[in-house]
Amino acid sequence: MNYSRHHVTPRSRIRKSKNTVLLPEKFHDSWHYIFGDLTPIETIFFLKELNARMHKKRIITKGEIQELREGIKEGRNETEPQKRTKGKHQPTRS
Ligand SMILES: [Zn+2]
């Protein structure tokens with residue numbers, strides 16, 4: 001079986017040491033196809049929101065899935081992690 005190195009926290013978004021794990025290649029490719037470069041906590045919110053939508057709709061388009069992913073990354077969704085920490089921690093944006 002072939003393995004490839006996965007950055008648990010996406011290196012494109014957050015620099016962190018001791019952040020890699022070897023995953024079977026097909027699983028790794030599938031992970032990024034579904035979750036893109038979401039952080040682990042964003043992945044949980046993505047799944048939660050996607051699950052809620054799957055109970056409400058008969059069709060969910062590729063565009064809606066992409067929009068959901070981007071919305072979570074940018075803090076545009078109700079379930080977005082940053083909104084839950086408002087008041088406790090205000091991240092600065094540059
Ligand atoms: Zn990866």
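Summarised in this report is the structure supplied together with it. (Residues numbered from 1 in each chain as written. Predicted model: local features only at pLDDT ≥ 70, side-chain atom pairs only at ≥ 80, totals over all residues.)

### Remarks on the overall build of the protein
Stage number 1. A tally of regular secondary structure across the protein gives 4 helices and 2 strands.
Stage number 2. When the helices and strands of the protein are listed from N to C terminus, the series reads β-β-α-α-α-α.
Stage number 3. Taken over 94 residues, the protein has a buried fraction of 9%.
Stage number 4. By sequence separation, contacts in the protein at least 24 residues apart represent 42% of the contacts at least 6 residues apart. (Helix = DSSP H or I, 4+ residues; strand = E, 2+ residues; numbered from the N terminus. Buried ≥ 20, exposed ≤ 12 C-beta atoms within 10 Å, placed from the backbone. Contact = placed C-beta atoms within 7 Å.)

### Section: helix α3 (residues 62-74)
Stage number 1. In a regular helix each residue adds 1.5 Å, so 13 residues correspond to 18 Å; α3 covers 18 Å between its end C-alpha atoms and thus fits that length.
Stage number 2. Restricting attention to buried positions, one finds in α3 the residues Arg69, Ile72 and Lys73. The arc enclosing the buried residues of α3, seen along the axis, measures out at 105°, which places them on a common side. Summarising the geometry of α3, the exposed residues directed more than 90 degrees from the buried face are Gly63 and Glu74.
Stage number 3. Those residues of α3 that are buried lie in contact with α2 (40-56). (Expected span 1.5 Å × (residues − 1). Arc of directions from axis to C-beta.)

### Digging into the environment of Pro24
Stage number 1. As for its position among the elements, Pro24 is in strand β2 (residues 20-24).
Stage number 2. Using a count of 12 C-beta atoms within 10 Å as the deciding quantity, one classes Pro24 as exposed.
Stage number 3. Along the sequence, Pro24 and Ser4 sit 20 residues apart, while their C-alpha atoms lie 6.3 Å from each other.
Stage number 4. Pro24 has contacts with Met1 and Tyr3, leaving out every residue within four places of it along the chain.

### Description of the pairing of strand β1 (residues 3-7)
Regular strands place their side chains on alternate faces of the sheet.
Stage number 1. Within β1, only 0 of the 5 residues are buried, leaving the element largely exposed.
Stage number 2. Pairing geometry for β1 and β2, over 5 bridges, is antiparallel. Each residue of the ladder has a partner; that of His7, found in β2, is Thr20. (Pairing = 2+ DSSP bridges.)

### Things to note about helix α1 (residues 25-35)
Stage number 1. Among the 11 residues that make up α1, 0 are buried, leaving the element largely open to the surroundings.
Stage number 2. Two residues or fewer after α1 comes Gly36, characterised by a positive phi angle close to 60°.

### Thoughts on the environment of Ser17
Stage number 1. In this fold, Ser17 is placed in the loop between β1 and β2.
Stage number 2. Taking the C-alpha atoms as reference points, Ser17 and His7, separated by 10 residues in sequence, lie 9.8 Å from one another.

### Description of the packing of α2 against α3
Stage number 1. Following both chains from N to C, one finds α2 and α3 inclined at 135°, their axes separated by 10 Å at the closest point. Comparing the axis directions of α2 and α3 gives the class oblique. Like other packed secondary-structure pairs, α2 and α3 cross with a definite hand, here right-handed. Mapping the contact onto sequence places Glu42, Phe45, Phe46, Glu49 and Leu50 in α2 and Leu68, Arg69, Ile72 and Lys73 in α3. (Axes fitted to C-alpha atoms, helices over the stretch in contact; angles between N-to-C directions. Parallel < 35°, antiparallel > 145°, perpendicular 65-115°, else oblique. Left-handed = near helix turned anticlockwise from the far one by under 90°.)

Don't take any of this as a statement about function, it's just geometry.
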